[in-house]
Amino acid sequence: MRVRIRFTKLGRVCFLSHRDVARVWERAVRKASLAVAYSEGFSPRPKVHFGLALSVGHTSEAEYLDIDLRERVELDGLAAVVSPCLPPGIDVTAVSEISPSETSLQAVVDEITWQFLVGTRPEVASEAVAALMSRASVPVTVSRKGTDQEVDLRPAIGRLDVEAVGAETARLTAVLATKPKSFRPDEVLDAIDLPPCDRRVHRVEQWIIDAEGGRRPVLAAPRAVIATDVEPELHVG
Amino acid sequence: MTSIWARLEPLLAKVQKPARYIGCEDGAIEPAWHPTSVSWLLTYPDTYEIGLPNQGLQILYDIINARDDAVAERTYAPWIDLEAEMRAAGVPLFSVDTHRSAQDFDIIGFNLSAELNYTNLVNLIDLAGVPVRAAARRPHHALIAVGGHCTYNPEPVADFVDFVVLGDGEEIVSEITEVVGEWKRSGRESRTDVLVALARIEGVYVPSLYDVHYDGQRIVSIEPNRPGVPERVEKRTIADLAAWPHPRRQLVPLTEVVHDRLNVEVFRGCTRGCRFCQAGMITRPVRERPADQVRTMVLDGLRRTGYDEVALTSLSSADFSGIESVVQDIIDDPTHCGQISVSLPSLRVDAFGVGIAAQIQKARRTGLTFAPEAGTWRMRQVINKLIREEDLYGAVDAAYSQGWRRMKLYFLTGLPTETDEDTRGIAELARNVVRIGKSHHKSPSVTVSIGGFVPKPHTPFQWFGQNTAVELQRKIDLLRDETRRERGIDLKWHDPAATLIEGLSSRGDRRLGDVIEEVWRRGGTFQEWSERFRLDVWEEALAKAGLDLEWYVYRHRTEDEVLPWSHISAGLHQDFLWQEWRDALAEVGLPDCRWTPCYDCGACTGYSIEHVVASAVPPAGGSQGTGQDLSVGVSVPVMLLDRRPDAVGPPQEAS
């Protein structure tokens, strides 16, 4: 039985690395006494598969993992069993059984919605965003696996909205395509011509686009759990 | 506003491994502070990865937070990138539990387990906003305390600390809390008052209450400078480990640390009597935890933490009575589906047989480390590590036969009376281990790790002049030549320059305070880290202080010399240590007093305590240094051979 789990990464735990989060989950499934399947071989590992990595320091309310279990479990109540085995800030918000032949989390996601909280006057941010969006192409240099390459960022940006949060703080909401090329939030932020400022990055949603162009979250989480104001105050200067 | 998190968080975005600083561990406590609580900031003066697993601090954290009148939080040394950001932003040292400023705490208590951390101690005192010299502190400043193995010669750090705690901390931490609580409630007026009160607790040493008198370079005497202060400070020893099943909630970090597994201490103390080993001398006698308590702590701990590995810790875990059945019960426990691996750090080769090898290989195997320590039987008689080559070969054969491929062998070089034949013996042993491995696997690999020997206080070798850095390098080069063409041997060694400064800090006196402070002022922190270690800075600081490195490190001491730690007692009689030193030079061994009659080293008789061991006989397997074939239920007295047994050669040649 393969189970897909949606979880949050909020607060202090945003400073954990992808690898740290993986190890946290390995321990959590053991603590929760889930009958997790193990790989064969000299050094058996629990069969836990993660989605797209989130950079250290970024928060998220849409992280995912798949777990292979040796036995069937009741999905109702699974979140309540697993969440207490996780550190504060990592909470299970949705659970679903998926077919073992389902596309992997690494490949299934087509778009990601991000929120960037920036310590910039909203008017300034609006102007900078408008300037970026008016360009036909935005060549940026990205580094992948140790090599630099120049690619066009513009086609990946589906939407980039600005709203005022305070006199000196703006919230940018970006929808970024992950295919054919996935960009990191920092690469997008760097492409926007903002004055130097503190910024925070928050992943809101990961989307699957079906053959008809319909858009749905990988797993929908109940509205009540999605808090858009989860970020602590931004410290400017 | 008690948390500095809001000021810290923006800095964390700029540094490596920010998860070091967030706390949030499973088992962490956010204690409730009251105005009258005595607050401890338990501090490990190295990075989070090194410091978090420290069991001593976790035990104290557990005990203090269980009290109504005290709170304990933790901190570790921020790495240099964060330190620079903190200093630039005016952010003080903080706890990782609730991110409180170190200035909020009454006592900052450091674990000192490595001498090269002394400059970090000074740095953290400074980051805490406390004057680095104890003499400059005022009543509102935190009390700076140190404990841990290094404190058996606390003199190099005497000027920086307010008080030193010797020995087991389980009981004394409460006595200290009560004295400091009374001082706090009475208005916290005079620092001297509280220090004098603390000095009355057995096991507490207050350096400022003692004067050291010199005649030129030599110490003439070390004496209390006021009445009511003991001339000699005795260590504390808990009689029964069973009464202290701590830590009850081991901390599970969210980011990777060393020894990242459940750790359960199965016994404290060791009486094997290895003469180089400070831990084995200062932690006597042996106090075993009852096997049932071990089982409970392991199984409860695994369930609570989610770890899939447990280490049964002690100075020589294979010596634990009934070790095989305990390991078997852990591995066979149905709740963990056979996925638990058990590691036994500090395995003695003479107690490692196929039985244990077969047990601990059932789940995942990690590497195995054996510590023969010296390359020849003669050398091992000098250091009283009485394992035969056959014991080593039998152990590695057992391990290879059970599927291990990677083996690590740990040796010391620079031991008393060591000759080049002894040094070459290390290469010989390693070659034979590879040869045994080849009979089981195609390409066995053996890591040979060479440490330069540093004579330690309260050991029979405390009088020995350490090998020079040049001599240690020569011996390492000799081994490199010997093993260069050996496929399967990977030689690693410790920098002799760092060994030199470890030697300086291990047996130095109070005058080294100026040197440590100067090295710190020149940025010499994290000296345990080879990329940060700077011998030239130490040499310049010594020159500035007018102190002679060679006099401190390379000189043999005489029996009548007043050693800098002569007012500190680990319970061992001076004449026992001296006799052991003479016996070492005469290549005479000493049996383990756990199973043989008492030779009165002083540790039991002085404190009216005894060994707590479940078995009156040594564990099965190997010779236990006796040359006899010991099996379970042996009842003959275990006596040492005074010569090397005649049988030679690895076991696969005999068969």
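Residues numbered from 1 in each chain as written. Chains lettered and ligands numbered in written order. Predicted model: local features only at pLDDT ≥ 70, side-chain atom pairs only at ≥ 80, totals over all residues. Heavy atoms only, no water.

**Focus: the overall build of chain B**
Okay, step 1: In terms of helices and strands, chain B carries 22 helices and 19 strands.
Okay, step 2: Taken against the 2.2 N^0.38 rule, which gives 26 Å for 655 residues, the C-alpha radius of gyration of chain B at 25 Å falls within 12% of a compact globule.
Okay, step 3: Considered along the principal axes of its C-alpha atoms, chain B spans approximately 75 × 65 × 50 Å.
Okay, step 4: Looking at chain B as a whole, 62% of its 655 residues are labelled buried.
Okay, step 5: Taking contacts inside chain B between residues at least 6 apart in sequence as the whole, the part at least 24 apart equals 77%.
Okay, step 6: As displayed, chain B has an accessible area near 23,800 Å², and 50% of this comes from carbon and sulfur atoms.
Okay, step 7: Positive and negative charge centroids in chain B, built from 71 and 93 side chains respectively, lie 3 Å apart. (Helix = DSSP H or I, 4+ residues; strand = E, 2+ residues; numbered from the N terminus. Rg over C-alpha atoms; globule rule 2.2 N^0.38 Å. Buried < 20%, exposed > 50% of the residue type's maximum accessible area, 1.4 Å probe, protein only. Contact = heavy atoms within 4.5 Å. Areas by Shrake-Rupley, 256 points an atom, 1.4 Å probe, with all protein chains shown as cover. Lys, Arg positive; Asp, Glu negative; His and termini not counted. Charge placed at Lys NZ, Arg CZ, Asp CG, Glu CD.)

**Examining the sheet that holds strand β17 (residues 445-452) of chain B**
Residues and elements named next belong to chain B.
Okay, step 1: Taken in spatial order, the four strands of this open sheet run β15-β16-β17-β18, and their pairing is parallel. The sheet is open, and its two borders are formed by β15 (368-373) and β18 (489-493), each paired with just one other strand. Each neighbouring strand pair of the sheet contributes to a mean axis angle of 20°, computed without reference to strand direction.
Okay, step 2: Summarising the sheet, β15 and strand β16 (residues 406-413) pair through four bridges and their orientation is parallel. Of the residues in β16, the one forming a bridge with phenylalanine 370 is leucine 409.
Okay, step 3: Across the sheet, helix α14 (residues 420-438) touches β15, β16, β17 and β18, and the angle it forms with β16 is around 170°.
Okay, step 4: Sitting on the sheet, helix α15 (residues 469-483) touches β16, β17 and β18, and the angle it makes with β18 is about 170°. (Pairing = 2+ DSSP bridges. Axes fitted to C-alpha atoms, helices over the stretch in contact; angles between N-to-C directions.)

**Some details on the sheet that holds strand β13 (residues 309-313) of chain B**
All names here are of chain B.
Okay, step 1: Overall, parallel pairing links the three strands, which are arranged β10-β13-β14 in an open sheet. Looking at the sheet topology across the chains shown, the edges are occupied by β10 (262-265) and β14 (341-343). Each neighbouring strand pair of the sheet contributes to a mean axis angle of 25°, computed without reference to strand direction.
Okay, step 2: Pairing of β13 with β14 involves three bridges; the strand directions are parallel. In the sheet register, alanine 311 faces β14, and the bridge partner there is serine 343.

**Here we look at the nonpolar core**
Okay, step 1: Formed by 169 residues in total, the largest nonpolar core has its most connected members in Trp25 of chain A together with Phe163 and Ile176 of chain B.
Okay, step 2: When near neighbours in sequence (up to four residues on either side) are disregarded, isoleucine 176 of chain B contacts Trp40, Ile107, Phe163, Val165, Leu198, Ile201 and Val204 of chain B.
Okay, step 3: Core analysis: the next-biggest nonpolar cluster, separate from the first, contains 57 residues, Phe320, Leu368, Met407 and Val434 of chain B among them. (Core = buried A, V, L, I, M, F, W, Y, C linked by side-chain atoms within 4.5 Å.)

**A word on the domain arrangement of chain A**
Residues and elements named next belong to chain A.
Okay, step 1: Its domain assignment divides chain A into domain 1 (2-102) and domain 2 (108-225).
Okay, step 2: Taken together, the contacts link 18 residues of domain 1 with 20 residues of domain 2.
Okay, step 3: Both faces considered, domain 1 and domain 2 share a buried interface measuring about 1,500 Å² in area, 56% of it formed by carbon and sulfur atoms.
Okay, step 4: Our count for the contact surface shared by domain 1 and domain 2 stands at two salt bridges.
Okay, step 5: At the boundary of domain 1 and domain 2, one finds eleven residue pairs in polar contact (both at pLDDT 80 or more).
Okay, step 6: Elements with a minimum of two residues in the side of domain 1 that touches domain 2: β1 (2-9), β3 (59-68) and β4 (92-98).
Okay, step 7: Broken down by element, the residue count for the side of domain 1 that touches domain 2 peaks at six residues, all from β3.
Okay, step 8: When its residues are assigned to classes, the side of domain 1 that touches domain 2 shows nine nonpolar, five polar and four charged. (Domains from an automatic or database assignment. Buried area = accessible area lost by both parts, 1.4 Å probe. Salt bridge = Lys/Arg side-chain N within 4 Å of Asp/Glu carboxyl O. Polar contact = N/O pair within 3.5 Å; in protein donor to acceptor, adjacent residues only side chain to side chain. Nonpolar A, V, L, I, M, F, W, Y, C, P; charged D, E, K, R; others polar.)

**Brief notes about the packing of aromatic side chains**
Each aromatic ring pair is summarised here by two numbers: the centre-to-centre distance and the angle between the ring planes.
Okay, step 1: Applying the stated rule across the entire model yields 16 aromatic pairs over all chains.
Okay, step 2: Judged by centre distance (5.0 Å) and plane angle (80°), the rings of tryptophan 551 of chain B and tyrosine 552 of chain B are edge-to-face.
Okay, step 3: Judged by relative accessible area, which is 13%, tryptophan 551 of chain B ranks as buried.
Okay, step 4: With relative accessibility at 2%, the residue tyrosine 552 of chain B sits in the buried group.
Okay, step 5: Pairwise contacts between aromatic rings join Phe453, Phe461, Phe464 and Trp581 of chain B into one cluster.
Okay, step 6: One residue, arginine 12 of chain A, lies across the ring of tryptophan 5 of chain B, its end atom 5.8 Å from the ring centre.
Okay, step 7: Over the ring of tryptophan 33 of chain B we find arginine 100 of chain B, and its NZ or CZ is 3.6 Å from the ring centre. (Phe/Tyr/Trp six-rings, centres within 6.5 Å; stacked < 30°, edge-to-face > 60°. Lys NZ or Arg CZ within 6 Å of the ring centre and 35° of its normal.)

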